[in-house]
Amino acid sequence: MINKKIKQPCKLCKNNAGFIFDKKIMNKYLSSYYECKKCKFIQTEKPYWLKEAYENPINDEDTGLIRRNFGMSKISSIVIFFWFNKRGLFLDYAGGYGLLTRLMRDIGFNYYWTDPFCLNIFSPGFELTKKNKKIELVTAFELFEHMENPIKDLEKILKHSKNILFSTKLIPKNTIKLSKWDYLYPEHGQHISFYSQESLENLAKKYKLNYYTDGVMIHLFTEKKISKILFSNIPRFKDILYFFSKIGLSSKTHEDNIRIGKK
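Residues numbered from 1 in each chain as written. Predicted model: local features only at pLDDT ≥ 70, side-chain atom pairs only at ≥ 80, totals over all residues. Heavy atoms only, no water.

A. Looking closely at unusual backbone geometry. Not every positive phi belongs to a glycine, and M26 is a case in point at roughly 55°. For K208, which is not glycine, the phi dihedral falls at a positive 55°. For K208, a relative accessible area of 78% gives the class exposed. (Buried < 20%, exposed > 50% of the residue type's maximum accessible area, 1.4 Å probe, protein only.)

B. Geometry of the pattern of salt bridges. If you walk through the whole model with that rule in mind, you get seven salt bridges. The residue E148 makes a salt bridge to K46 at a minimum N-O spacing of 3.9 Å. With E148 in the loop between β7 (135–141) and α4 (150–158) and K46 in the loop between β4 (42–44) and α1 (50–53), the pair connects residues that are 102 residues apart, well separated along the chain. We classify E148 as partly exposed; its relative accessible area is 25%. In this structure, K74 and D239 form a salt bridge, with 2.9 Å as the shortest nitrogen-oxygen distance. Within this pair, whereas K74 is found in helix α2 (residues 65–83), its partner D239 is found in helix α7 (residues 238–245), the two being separated by 165 residues in sequence. (Salt bridge = Lys/Arg side-chain N within 4 Å of Asp/Glu carboxyl O. Helix = DSSP H or I, 4+ residues; strand = E, 2+ residues; numbered from the N terminus.)

C. Region of interest: the packing of aromatic side chains. Enumeration according to the criterion identifies 22 aromatic pairs in this entry. Seen in terms of ring centroids, F243 and F244 are 5.4 Å apart; in terms of plane orientation they differ by 85°. Their pairing is edge-to-face. A residue is classified by how much of its surface remains accessible, and F244, at 42% relative accessible area, is partly exposed. Every member of this aromatic cluster is reached through a ring pair, and the members are F21, Y33, W181, Y183, Y185 and F194. Above the ring of Y112, the side-chain terminus of R105 is found at 5.5 Å from the ring centroid. (Phe/Tyr/Trp six-rings, centres within 6.5 Å; stacked < 30°, edge-to-face > 60°. Lys NZ or Arg CZ within 6 Å of the ring centre and 35° of its normal.)

D. Representation of the side chain of N110. Secondary-structure assignment places N110 in strand β6 (residues 110–114). Engagement of the side chain of N110 in a polar contact is seen with the side chain of R105, the distance being 3.0 Å. When sequence neighbours within four positions are dropped, the list of residues in contact with N110 reads G88, L89, F90, R105 and K252. (Polar contact = N/O pair within 3.5 Å; in protein donor to acceptor, adjacent residues only side chain to side chain. Contact = heavy atoms within 4.5 Å.)

E. Inspection of the environment of Q197 at higher detail. In this fold, Q197 is placed in helix α5 (residues 197–206). Since its relative accessible area comes to 33%, Q197 is described here as partly exposed. The sequence separation of Q197 and L143 amounts to 54 residues, and the corresponding C-alpha distance is 16 Å. If near-sequence neighbours (up to four positions away) are discounted, Q197 is found in contact with L170, Y211, T213 and G215.

F. Molecular detail of the packing of α2 against α7. Direction vectors running N to C along α2 and α7 enclose 55°, while the axes themselves pass 9 Å from each other. Taken together, α2 and α7 sit at an angle that is classed as oblique. For the pair α2 and α7, the sense of crossing is left-handed. Side by side, α2 and α7 meet where G71, K74, I75, S77, I78, F81 and F82 of the first sit next to K238, D239, L241, Y242, F244 and S245 of the second. Within the contact of α2 with α7, the residues separate by chemical class into seven nonpolar, three polar and three charged. (Axes fitted to C-alpha atoms, helices over the stretch in contact; angles between N-to-C directions. Parallel < 35°, antiparallel > 145°, perpendicular 65-115°, else oblique. Left-handed = near helix turned anticlockwise from the far one by under 90°. Nonpolar A, V, L, I, M, F, W, Y, C, P; charged D, E, K, R; others polar.)

G. Structural detail: the nonpolar core. Within the largest apolar cluster, 31 residues are counted, with the highest numbers of intra-cluster contacts made by F144, L154, I157, L200, L203 and F221. Listing elements by their share of this core, those giving two or more residues are β5 (89–93), β7, α4, β8 (164–167) and α5. Among the elements that make up this core, the one with the highest residue count is α4 (four residues). Once residues within four sequence positions are removed from consideration, F144 is found in contact with L154, I157, F166, T168, S193, Y195 and F221. Formed by 25 residues, the second largest nonpolar core is a distinct cluster that contains I80, Y111, I218 and F231. (Core = buried A, V, L, I, M, F, W, Y, C linked by side-chain atoms within 4.5 Å.)

Here is the structure:
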């Protein structure tokens, strides 16, 4: 039994994280949540329920999976169009069923997939291999909140690229009703790490990277210096900007069909 009066070390900055509330996980386990006094990162107690929570890696409650992947394919295309080499190699890290990888290849980007917990249903044949050269940009959508060891897990991603486009909801500024925040998702027990903007800024500094955000959910760690204003407005204008981001690209759908058929 955890003594709630005992502070926990913050998983990001190692400073004291104090108890803020309890929440029932998966309708059966009572977990304590802790907030770092310095960087405002929030973490659950040691998530002993994870093995059970990941018996089904993609939880049944994720009804927004398809819609989210279509939206993220537009945002990824725009970010690549403005700031990266569109002819380079790209990786969707923890890519789930491979839907985003397939969508990005259909647009025309040379995208690959990796995920140790999921079956690659939509982009078989485009798994990451040792033959893949330098990765221009890694996308990691709806991953950071699942990280049990954020520093260790982030360093694994950084081995592929210093440029990471990712999504995770920032902790709301009004924390009075934080225990009822919908992004906690205690029902499935997979969300165990929650980030403030300050905590992500500190993470970027730790690895000598620049940090950009839309202030809500979309974030970029990168070696590049880009327009903060333009990046922050991408979600708002994604449909218009997406139209221009496809210029000069040819879909790999048919090309991939021939490639897979030859194997």
